[in-house]
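What the coordinates show
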Amino acid sequence: MTPGALDGVRVLDLTQVMAGPYCTMLLADLGADVIKVESPEGGDQTRTSMGTPRPGSDTPAFHALNRNKRSVTLNLRTEADRAEFLRLAADVDVVVENFRPGVADRLGVGYEAVRAVRPDIVYASISGFGQYGPYADRPGYDLIAQGMAGAVSVTGEPDGPPVKCGLPVGDLGAGMLCALSIAAAHIHRLRTGEGQYLETSLYEAVLAMSVWESVEYFSGGEPPQRLGSAHRMSAPYQVVRTKDGHATVAANNQRLWLRLCEALDLHHLADDERFATNTDRMRHRPELIALLEGRLAATSTEECVDLLLAAGVPAGPILDYGQILDHDPHARARGMVEEYDHPVDGPSRVVGFPVKLARTPARLRRHPPVLGEHNDELLRKEPEVTDDDTQEGGGSVTWTRHPVPGTDTFAAHLILAHPERRNALTLRMYDQLESACQEIDADPEIRLTVLRGAGGRAFAAGTDIREFRDFGSGEDGVAYERRVARAVDRLAGMRMPVVAAVEGPAVGAGSALASCCDVVVCTPDAVFGAPIGRTLGNCLSPAVIARLYAGLGRARTLRALLAARMISATEAYESGFVAEIVDPADLDARIADLTTDIARCAPLTLAALKEADRRVLAATAPGHAEDLYARVYGSRDFREGVTAFLAKRTPRWEGG
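Here we summarise the structure given alongside this text. As the structure is a prediction and not an experimental result, all values here were calculated from the model.

Rules behind the numbers
Residues numbered from 1 in each chain as written. Predicted model: local features only at pLDDT ≥ 70, side-chain atom pairs only at ≥ 80, totals over all residues. Heavy atoms only, no water. Pairing = 2+ DSSP bridges. Helix = DSSP H or I, 4+ residues; strand = E, 2+ residues; numbered from the N terminus. Axes fitted to C-alpha atoms, helices over the stretch in contact; angles between N-to-C directions. Contact = heavy atoms within 4.5 Å. Phe/Tyr/Trp six-rings, centres within 6.5 Å; stacked < 30°, edge-to-face > 60°. Buried < 20%, exposed > 50% of the residue type's maximum accessible area, 1.4 Å probe, protein only. Lys NZ or Arg CZ within 6 Å of the ring centre and 35° of its normal. Core = buried A, V, L, I, M, F, W, Y, C linked by side-chain atoms within 4.5 Å. Salt bridge = Lys/Arg side-chain N within 4 Å of Asp/Glu carboxyl O. Patch = residues over 30% accessible without salt bridge, like charges linked within 9 Å, V, L, I, M, F, W, Y side chains within 5 Å. Areas by Shrake-Rupley, 256 points an atom, 1.4 Å probe, with all protein chains shown as cover. Parallel < 35°, antiparallel > 145°, perpendicular 65-115°, else oblique. Left-handed = near helix turned anticlockwise from the far one by under 90°. Nonpolar A, V, L, I, M, F, W, Y, C, P; charged D, E, K, R; others polar.

1. Details of the sheet that holds strand β7 (residues 237-241)
Strand order in the open sheet formed by three strands is β7-β8-β9, and the pairing between neighbours is antiparallel. Pairing within the sheet leaves two strands with one partner each, and these edge strands are β7 and β9 (315-317). Each neighbouring strand pair of the sheet contributes to a mean axis angle of 25 degrees, computed without reference to strand direction. Summarising the sheet, β7 and strand β8 (residues 246-250) pair through five bridges and their orientation is antiparallel. Paired with R241 across the two strands is H246, which belongs to β8. Running at roughly 160 degrees to β9, helix α14 (residues 301-310) makes contact with β8 and β9 of the sheet.

2. Comments concerning the packing of aromatic side chains
Applying the stated rule across the entire model yields 14 aromatic pairs. An angle of 70 degrees between the planes, with centres 5.4 Å apart, marks the rings of F468 and F638 as edge-to-face. Of this pair, F468 sits in the loop between β15 (460-461) and α19 (474-492) while F638 sits in helix α28 (residues 636-647), and the two are 170 residues apart along the sequence. Judged by its relative accessible area of 3%, F468 falls in the buried class. According to the relative accessible area criterion, F638 is buried, its value standing at 1%. Members of the aromatic cluster, each reached through a chain of ring pairs, are F468, F471, Y480 and F638. The ring centre of F410 lies 3.9 Å from the NZ or CZ of R401, which sits over that ring.

3. Examining unusual backbone geometry
The omega torsion of the bond from A235 to P236 falls at -5 degrees, within 30 degrees of zero and hence cis. Its place among the elements puts P236 in the loop between α9 (211-220) and β7. For R422, which is not glycine, the phi torsion reads 55 degrees and is therefore positive. As for its placement among the helices and strands, R422 is situated in the loop between β13 (410-417) and α18 (427-441). One non-glycine residue, N423, lies in the positive phi region at around 60 degrees. If you trace the backbone, N423 turns up in the loop between β13 and α18. Look at N423 and you get buried, because its relative accessible area is 0%.

4. What to know about the pairing of strand β3 (residues 69-73)
Here is the key point about a regular strand: its side chains alternate between the two faces of the sheet. The buried count for β3 comes to five of five residues, which makes it a mostly enclosed element. Pairing analysis gives five bridges linking strand β2 (residues 33-38) to β3, with the strands arranged parallel. Of the residues in β3, the one forming a bridge with I35 is R70.

5. Section: the environment of Y573
Structurally, Y573 can be placed in helix α24 (residues 569-575). For Y573 and L425, which are 148 residues apart along the polypeptide, the C-alpha to C-alpha distance reads 25 Å. Apart from residues no more than four positions distant in its own chain, Y573 is found in contact with V578, A579, E580 and I581.

6. As for the nonpolar core
By size, the foremost hydrophobic cluster in this structure holds 58 residues, and its most contacted members are L451, F459, F468, V502, L513 and F528. Per-element tally for this core: the top contributor is α18, with seven residues. Aside from chain neighbours lying at most four places away, what touches V502 is F459, V520, V521, C522, T523, A526 and F528. With 29 residues, the next largest nonpolar core counts V94, V96, A185 and L202 among its residues.

7. A closer look at the pattern of salt bridges
Scanning all chains against the criterion turns up 35 salt bridges. With a closest N to O distance of 3.3 Å, K69 and D13 form a salt bridge. With K69 in strand β3 and D13 in strand β1 (residues 10-14), this pair connects stretches of sequence that are 56 residues apart. Classification of K69 as buried rests on a relative accessible area of 0%. Between D58 and R47 there is a salt bridge, with its nearest N and O atoms 2.7 Å apart. In this pair, D58 is assigned in the loop between β2 and α2 (60-65) and R47 in the loop between β2 and α2, connecting sequence segments 11 residues apart. Ionic contacts of the salt-bridge type, sharing partners, join the residues R10, D33, R70, D91 and E377 into one network.

8. With respect to a nonpolar patch on the surface
A cluster of nonpolar residues, L167, Y321, L325 and V351, forms a patch on the protein surface that exposes about 380 Å² of accessible area. Structurally, the position occupied by Y321 is in helix α15 (residues 321-327). For Y321, a relative accessible area of 54% gives the class exposed.

9. Some details on the packing of α18 against α19
Packing of α18 against α19 brings their axes to within 8 Å, and their N-to-C directions diverge by 30 degrees. In this view, α18 runs roughly parallel relative to α19, as classed from their interaxial angle. α19 is crossed by α18, and the crossing has left-handed handedness. Across from L427, Y430, D431, L433, E434, C437, Q438 and D441 in α18, the residues of α19 making contact are Y480, R483, V484, R486, A487, R490 and L491. Along the lines of polarity and charge, the residues of the contact of α18 with α19 split into eight nonpolar, one polar and six charged.

Below, the structure is given as structure tokens:
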């Protein structure tokens, strides 16, 4: 494979949202190994904000800014994880952060702390207004920077209100300038062995782009005003109206002006003293544009562009992003729309790298990382778990008694806790779940159980696939499924009602557990299903499928399973699987209200209703499936599925 220009350069990325991630993505596109360091509690805030995330996934905004990176999760407020960060920093070339000024130092990961372990480090900071100056402590947002650095004052129509630039020029400009300066600092280090600290800001990026505006002010002493699409230094150079829309025209010198007059049969304008020179045309711009648009009122945009291009005058149509990204042949020819395969979302598209390097072209090498996807391969820290975690996977299932207000009863709060794996279940957790259910059922004062995942990002994102690495035969799969079934069936057989509070994905094992609950309340980002046909190549138990049939319907369940498609919260609600969808901020209060309502009911009635529900399901209960387990878990396809999943690539099925 052709090397990238920055192959061999390793970057620790402490940034989030836009300016910093865009900077490090540019470096990654050029071949740098970028390790994105994120908080275990949700990671980069763009994963869940800045648009609507796909069910069970990160937002498209996160995907757009984080390709070609690896992700690890570290809580930099803890001594152990801070030490792990500095261990990583000792072996990298560049660190990039975009905290508010002073935060990196307070966390113990600022320039001086990193330089102590890597003396020649190139350390870059991006902030709203820079690390010093009167505005340094202000929050850094693109809109605010555009306003305070002048861009908003010159954007918009002359008789309209000021508006921001349509593109986030502060964020993206700061990211580009920082990437350029990091490359320059790296070259300096190669020559001299010296690292250095560098910093820039959204404010300075916007102000640095104010080339014509600053020239106008320095030359005339008056602040530049809004001109719509017109140019400050030449005319006609702007958008003009045509018969069916608009076109852009750039006749910004005398030669092009005369060609425009010739092409549009406006010879008299070439002799008009109002338009004799560029200075004259700028002074009389409103009259000039009115005359041009009067001529083009009978000409379509396509005809206008063709006429001007044929005469050698720069011109073009105004295309929207649908026309560009789906249909424009030039965007395709230039490689500006690229595709990749994401382990959660499947085939996806992204805007490509804008510079074509002949010897070391930029490449799309990695999909945007799942949170903490590369912890195992990059981190050495030992998880804070008990001794028996060394025998089987980590995570835990715990429960506590909570008094129900207004009653003399209790609710059990049952927590699936494996947040670094989105609460994916390990065999140890299944065993703990079985034991917890037995203990809760033995407590006569408990009127109901609330089941939820820890961390707020997921209910349970399936089974921890690392559990399957040592499977050598179909019998291993049969033994695994027996062990899982004991826990799942025990949850389904609880004496009193079980309420599931589902935030984020309830996938695979998560859907199985949700199907065992009597009432499911979820947030809008919840998602259900088991995409094992696309990922692992194993199967679900008939008992779980029967419960999904009961909640989702046979047709919807089979479509989800056979096509490896997720079921959204709305679809699950419409089918009756989910009782209610609530805003994340209201989930705890809604669960508390539901807990109180259930706890006030007669306990014998609650138990009887639970038993009646079990008998209805038992009337169509399927038989065992150990022959199916032996077949799929003993197959080459299953081993390939596990290997591919852990390697974050698409599996290659053989059918055997």
